[in-house]
Amino acid sequence: MRILKINARTVEISRYADASVPGGGLTTTVVAVVTSAERGGRPVTGYGFSSIGRFAQTGLINERFAPRLLAATDRDLVAADGTLDPTRAWDVLMKDEKAGGHGERCVAVGTLDMALWDAAAKVADVPLHMLLQRRFARAQTNRVAVYAAGGYDFPTNDIERLCDEIREFLDAGYTMVKIKIGKKALAEDLKRIEAALSIVSGARLAVDAMNRYSPRAALEAAHAIAPYALRWFEDASDPLDFDTHARLCASYEPALGIGEATFSLPDARNLLRYAGMRPARDRLIFDPAHCYGLPEYVRIIETFESAGWNRQAFFPHGGHLFSLHVAAGLGLGGSEANPRIFQPFGGFEDGAVVEDGFASLPSIPGIGFEGRAALKPLLVDLATQ
Ligand code: MG
């Protein structure tokens, strides 16, 4: 089994469903990894992308990481049964990389890793969540707890459009939502929160400041929103400012969400040691694709478990099919969902059912990206370019 071809392409990915609203210039890299394995007389191709909310990594993939996979021999890539083993391929990707300096290479590696898991599940002829359940000895499940993410600031009629968006989520079967704060003055953020609370209870509403608050503003915001007893308060301040986070944990009674912008096991370990987090309360939002892919994400989970955390505290960031498979396959607490935004990758399979806050799982082999009508033309074009 060899990797025959890797094609990577930068595409735009907006945080707004409405194309007339500027999306902030966000991009992602989509990759097609064509293998020598065959199913139905055709080469097995794995697809991955650089998740959402950041930027493309096409340069790093093309210049540094894809050539390592392409040069790898059968012996480097397969398990004892002769099938593609993404954890062995991960070692190939990281060969000769030095400790530290995570930068965004972790996203480039995570992008290719996602495609390798897609290919491995296709070789096994099962959906990825089943491959993960078998490999990591987790119980089978047919649904995952999900929450709908959105609530970005609209440039006009913000409160009205925010409320419309939340109602749409509830109508679609979601019971919990997450909205953004931290961009405007605190008084404006409180208006957004109170508007949302006119539709859902505090126990069903999370807020995400996207690491925008200064240390002082984070503590002020925490003090102001504590009485709402929200589901969680996510990414209050700089992700590596453990001191501020420890002060938040000491003064803010409800749950905090953290980890989305923590991209490596060493950073996660420091978070665990120094950020004052509370195992029975706080939520862990690490994005598997952003933190070096699934092998490193599993090590992060195990590190937290060995410190007394339950993996039910993990709610992977992303809101797409890969996050959903990971949450199901590793027995995590649940998954973010981006049903309206970050298209064409946001949300789950076409026709996915969300009922009472739980999403159904895809049944086609692999991750199922090409099962989405909006994605298939892009993926076919990429694989054959
Ligand atoms: Mg976030």
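The following refers to the structure shown. Per-chain numbering applies: the sequence of each chain, read as written, is numbered from 1 onward. Local features are withheld for residues below a pLDDT of 70 in this predicted model, meaning they are given only at 70 or higher, and side-chain atom pairs are given and counted only at 80 or more; totals for whole chains, interfaces and linings count all residues. Heavy atoms throughout the structure, all of them, feed into the side-chain values; hydrogens and water do not.

1. Some details on the coordination of the magnesium ion
Phase 1 of the analysis: With water excluded from the atoms, a metal site may look incomplete; its donors are any N, O or S atoms within 2.8 Å, or within 3.2 Å for Na, K and Ca. Around the magnesium ion, the protein contributes the donor atoms Asp208 (OD), Glu234 (OE) and Glu260 (OE), at 1.8 to 2.1 Å from the metal centre.
Phase 2 of the analysis: Here the donor residues of the magnesium ion share one chain and are spaced in sequence as D-x25-E-x25-E. Taken together, the residues span a long stretch of sequence, with Asp208 in strand E6 (residues 205-208) and Glu260 in the loop between strand E8 (256-258) and helix H10 (265-274) at a distance of 52 residues. An identical accessibility class is assigned to Asp208 and Glu260; each is buried. A helix here means a DSSP run of H or I that spans at least four residues, while a strand means a run of E at least two residues long, and both kinds are numbered starting from the N terminus. Throughout, exposure labels follow a simple rule: accessible area from a 1.4 Å probe, protein chains only, divided by the maximum for the residue type, with under 20% read as buried, over 50% as exposed, and the rest as partly exposed.

2. So, the packing of aromatic side chains
Phase 1 of the analysis: Aromatic rings from Phe, Tyr and Trp, taking only the six-membered ring of Trp, are treated as a pair when their centres fall within 6.5 Å; an angle between ring planes under 30 degrees marks them as stacked, one over 60 as edge-to-face, and anything in between as tilted. Following the criterion strictly, the structure yields 18 aromatic pairs and no others.
Phase 2 of the analysis: Arranged with centres 6.5 Å apart and planes meeting at 75°, the rings of Tyr213 and Phe233 form a pair that is edge-to-face. One end of the pair, Tyr213, is in the loop between E6 and helix H8 (215-225); the other, Phe233, is in strand E7 (residues 232-234), with 20 residues separating them in the sequence. Neither Tyr213 nor Phe233 differs from the other in exposure class; each is buried.
Phase 3 of the analysis: These aromatic residues form a ring-pair network of at least three members: Phe286, Tyr297, Phe304, Trp309 and Phe314.
Phase 4 of the analysis: Look at NZ for Lys and CZ for Arg. If either is within 6 Å of the ring centre and within 35 degrees of the ring normal, a charge sits over the ring. The ring of Phe358 has Arg143 sitting right over it, with the charged end atom 3.6 Å from the ring centre.
Phase 5 of the analysis: Geometry around Trp90 places Arg299 over its ring, the cationic atom sitting 4.6 Å from the centre.

3. A short note on the packing of helix H1 (residues 58-71) against helix H3 (residues 86-93)
Phase 1 of the analysis: Running from N to C, H1 and H3 cross one another at 125°; their axes reach a closest spacing of 9 Å. The pairing of H1 with H3 is recorded here as oblique in orientation. Here H1 and H3 pass one another in a crossing that is right-handed. Contacts from Phe65, Arg68 and Leu69 of H1 reach H3 at Ala89, Val92 and Leu93.
Phase 2 of the analysis: A breakdown of the residues in the contact of H1 with H3 according to their chemical character gives five nonpolar, no polar and one charged. For helices, the axis comes from a line fit to the C-alpha atoms of the stretch in contact; other axes are also lines fit to C-alpha atoms, and the angle between any two N-to-C directions lies between 0 and 180 degrees. Angles below 35 degrees are treated as roughly parallel, those above 145 as roughly antiparallel, those between 65 and 115 as roughly perpendicular, and all remaining angles as oblique. Should the near helix be turned anticlockwise from the far one by less than a right angle, the crossing is left-handed, and should it be turned clockwise, the crossing is right-handed. We call two residues contacting when some pair of their heavy atoms lies within 4.5 Å. Note on residue categories: nonpolar means Ala, Val, Leu, Ile, Met, Phe, Trp, Tyr, Cys or Pro, charged means Asp, Glu, Lys or Arg, and polar means any other residue, Gly included.

Shape descriptors only; they carry no functional weight alone.
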